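# Structural overview
Next come the chains, spelled out residue by residue.
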Amino acid sequence: VSRTTVPVSLGPRSYDVIIGRGLLAELPGLLAGACPAPRYAIIADANVAARFGTTLRDALSRTVPTTLAPFPPGEMHKTRETWAALTDELLRAGLGRDGAVLALGGGVTGDLAGFVAATYHRGIPLVQVPTTLLAMVDSSVGGKTGVDTPAGKNLVGAFHQPRAVFADVDTLATLPRSQLAAGLAEALKHGAIADAGYFERLVATREALLHHDPEALTAAVARSVAIKAGIVARDERELGRRATLNFGHTVGHAVEAAADYRLLHGEAVAIGMRVEAALGVTLGVTAATDAARLGEALSRFGLPIAVPASLTTDRLVEAARQDKKSRAGALRVSLIHRLGTPARGDGEWTIPVDDGALRAAVDASR
Ligand SMILES: NC(=O)c1ccc[n+]([C@@H]2O[C@H](COP(=O)([O-])OP(=O)(O)OC[C@H]3O[C@@H](n4cnc5c(N)ncnc54)[C@H](O)[C@@H]3O)[C@@H](O)[C@H]2O)c1
Ligand SMILES: [Zn+2]
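The rules behind the values
Residues numbered from 1 in each chain as written. Chains lettered and ligands numbered in written order. Predicted model: local features only at pLDDT ≥ 70, side-chain atom pairs only at ≥ 80, totals over all residues. Heavy atoms only, no water. 1 Å grid on protein atoms, 1.4 Å probe; cavity = no way out; pocket = protein on both sides within 12 Å on 5 of 7 lines; lining within 4 Å. Points joined across faces, edges and corners; volume = space filled by probe spheres on them. Helix = DSSP H or I, 4+ residues; strand = E, 2+ residues; numbered from the N terminus. Nonpolar A, V, L, I, M, F, W, Y, C, P; charged D, E, K, R; others polar. Near = heavy atom within 4 Å. Polar contact = N/O pair within 3.5 Å; in protein donor to acceptor, adjacent residues only side chain to side chain. Areas by Shrake-Rupley, 256 points an atom, 1.4 Å probe, with all protein chains shown as cover. Buried < 20%, exposed > 50% of the residue type's maximum accessible area, 1.4 Å probe, protein only. Pairing = 2+ DSSP bridges. Axes fitted to C-alpha atoms, helices over the stretch in contact; angles between N-to-C directions. Parallel < 35°, antiparallel > 145°, perpendicular 65-115°, else oblique. Left-handed = near helix turned anticlockwise from the far one by under 90°. Contact = heavy atoms within 4.5 Å. Core = buried A, V, L, I, M, F, W, Y, C linked by side-chain atoms within 4.5 Å. Salt bridge = Lys/Arg side-chain N within 4 Å of Asp/Glu carboxyl O. Arc of directions from axis to C-beta. Phe/Tyr/Trp six-rings, centres within 6.5 Å; stacked < 30°, edge-to-face > 60°. Lys NZ or Arg CZ within 6 Å of the ring centre and 35° of its normal. Lys, Arg positive; Asp, Glu negative; His and termini not counted.

Let's shift gears to the layout of surface pockets. Taken as a whole, the second largest pocket spans an internal volume of roughly 340 Å³. In this structure, the second largest pocket is lined by 24 residues; those nearest its centre are T149, P150, G152, A257 and Y261. Listing elements by their share of the lining of the second largest pocket, those giving two or more residues are helix 3 (80-93), strand 7 (144-149), strand 8 (152-159), helix 10 (249-258) and helix 13 (313-322). Ranked by residues supplied to the lining of the second largest pocket, first place goes to helix 10 with four residues. By residue class, the composition of the lining of the second largest pocket is nine nonpolar, five polar and 10 charged.

Following this line, the structure appears as structure tokens:
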């Protein structure tokens, strides 16, 4: 079996991301090495709990007492209320300060379970076991955890790095095509901000990727994780360079929130990248040919690139202002210069954008 290990170098918080087939079945042995604990709590949404959670709990329970704590699936449950229900559940189950949390599932689970682990008894070890492509290429790595509030996405959270990440690409066999494409939106983002060759490789291998080919998926996860790990290792707390990973996300989060989460996160990011590329062209920081190539590539994956007609420009700009990345009143956006190269303005990794320019880019992207 081909396996890839990508290290995330963060000094005392360093860890490995293991990518490949058949990892879930080997997890009891792998966890004993990467995160030994006298008790585990698996947090999973109800879909993933039924599909993989009970089997994993039963396998782990042969050697270590393990609780399975499920929660209702969907972004609308990535909330403080679910965080409260889960922490109560772990307290009832008797998980102590020496226990560890396993986040089994997509990005919603990783963010939520990660925030539980960050706060439970002031922080206990966490292992990420991503089962969506989006979680494998992006959200399981880097230590950002948190929940949404009515005011916007990810507004309450903590940095909490996992002890290890185990990405079993076999779990992706049951993932719907739209979810695969949404994960590939984040992978294309990694190419767009760091590696034009990778971007074009993704486009060239899209049929294999969208048909769940394990080799193609392993290669994409490994390259995306290596790009993200390289950025996070240089700027764990997003004081500078890590902001490049937010390309597509200022508008993406606004689209996602304003559409009441009817779009997948990756779909909203695809629209966001298209709008932010248009914005970059208007501001003279993004090459028009590269903006066009980006939109064309996203479309080839069946990803949406048009701002939904049901979202007014007013509503979207308002939602973007609510995003926590606005600083001292001015909206700041991470843009690209060319495919593979992030834009820099005045030595900063984000560029201030006035409402007029944003409005024009949104209106041009309908
Ligand atoms: N922390 C970060 O750095 C970071 C980065 C990117 C995205 N995110 C967050 O990730 C979230 C989106 O993650 P997501 O797209 O994985 O959503 P998700 O966790 O809701 O998963 C999508 C759906 O797929 C189902 N599912 C999971 N694994 C499956 C499998 N193997 N087969 C079939 N169905 C499966 C889930 O039950 C769910 O219904 C957003 O909340 C976003 O903010 C976080
Ligand atoms: Zn994202």
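So much for the structure itself; the text now carries on.
Moving on: the site of ligand 1. For ligand 1, the set of nearby residues contains 26 residues, the closest of which are D45, E75, T131, T132 and T174. A distance of 2.8 Å separates an oxygen atom of ligand 1 from a polar atom in the backbone of G107. K228 places a side-chain nitrogen or oxygen 3.3 Å from an oxygen atom of ligand 1. In the complex, 90% of the free accessible area of ligand 1, which totals 880 Å², lies under the protein chains. Where the shell around ligand 1 is concerned, the elements lending two or more residues are helix 2 (46-61), helix 4 (107-119), helix 5 (133-139), strand 8 and helix 6 (177-194).

Burial of strand 7 is extensive: five of the six residues sit out of reach of the surface. By the bridge criterion, five bridges tie strand 7 to strand 8 in an arrangement that is antiparallel. When the sheet's bridge partners are listed, T149 is paired in strand 8 with G152. Linkage of strand 7 to strand 8, two consecutive antiparallel strands, is achieved through a turn of two residues.

Okay, the sheet that holds strand 1 (residues 3-8) next. Read from one edge of the open sheet, seven strands run 1-2-9-6-5-3-4, paired in mixed fashion. Each edge of the open sheet is held by one strand with a lone partner, namely strand 1 and strand 4 (66-71). For this sheet, the mean inter-axis angle between neighbouring strands, taken without regard to orientation, is 15°. Examined bridge by bridge, strand 1 and strand 2 (residues 15-20) share six bridges and lie antiparallel to one another. Paired with R3 across the bridge in strand 2 is G20.

Turning to the packing of helix 11 (residues 265-283) against helix 12 (residues 288-300), a few remarks are in order. Where helix 11 meets helix 12, the closest approach of the two axes is 9 Å, and the angle between their N-to-C directions is 165°. In terms of their interaxial angle, helix 11 and helix 12 are classed as roughly antiparallel. In terms of crossing hand, the pair formed by helix 11 and helix 12 is left-handed. Where helix 11 approaches helix 12, its residues A270, M273, A277 and V281 are matched on the opposing element by A288, A291, L294 and L298. The residue makeup of the contact of helix 11 with helix 12, split by class, is eight nonpolar, no polar and no charged.

Once that is clear, we can look at the nonpolar core. In this structure, V17, L133 and L202 are the most contacted members of the largest nonpolar core, which totals 54 residues. Here the element with the most residues in this core is helix 9 (residues 214-234); it accounts for 10 residues. L202 has contacts with L184, A187, L188, L209, A220 and F301, leaving out every residue within four places of it along the chain.

The next point concerns the pattern of salt bridges. For the structure on display, the rule yields 22 salt bridges. With a shortest N-O distance of 2.6 Å, R293 and E296 are connected by a salt bridge. Here E296 and R293 lie together in helix 12, a separation of three residues that amounts to about one turn. Beyond isolated ion pairs, a larger network of salt bridges with shared partners links E75, K78, D111, D148, K153 and E256.

Turning to helix 14 (residues 355-363), a few remarks are in order. Those residues of helix 14 not exposed but buried are A357, L358, A361 and V362. Buried residues in helix 14, looked at end-on, bunch into an arc of 135°, giving them a common side. Each element contacted by the buried residues of helix 14 is listed here: helix 10, helix 11, helix 13, strand 10 (331-333) and strand 13 (351-353). Sitting at the amino-terminal end of helix 14 is D354, which places a side-chain oxygen 3.0 Å from the backbone nitrogen of G356.

Evaluated as defined, the whole model comprises one aromatic pair. The ring centre of W349 lies 3.8 Å from the NZ or CZ of R344, which sits over that ring.

For D168, the location among the structural elements is in strand 9 (residues 164-168). Buried charge without a salt bridge: D168, with R21 as the nearest opposite-charge side chain at an N-O distance of 6.5 Å. Within the structure, D168 has its side chain in polar contact with the backbone nitrogen of G22 (distance 3.2 Å). A distance of 2.8 Å separates the side chain of D168 from the backbone nitrogen of L24, its partner in a polar contact.

Function cannot be read off these values alone, since they describe shape.
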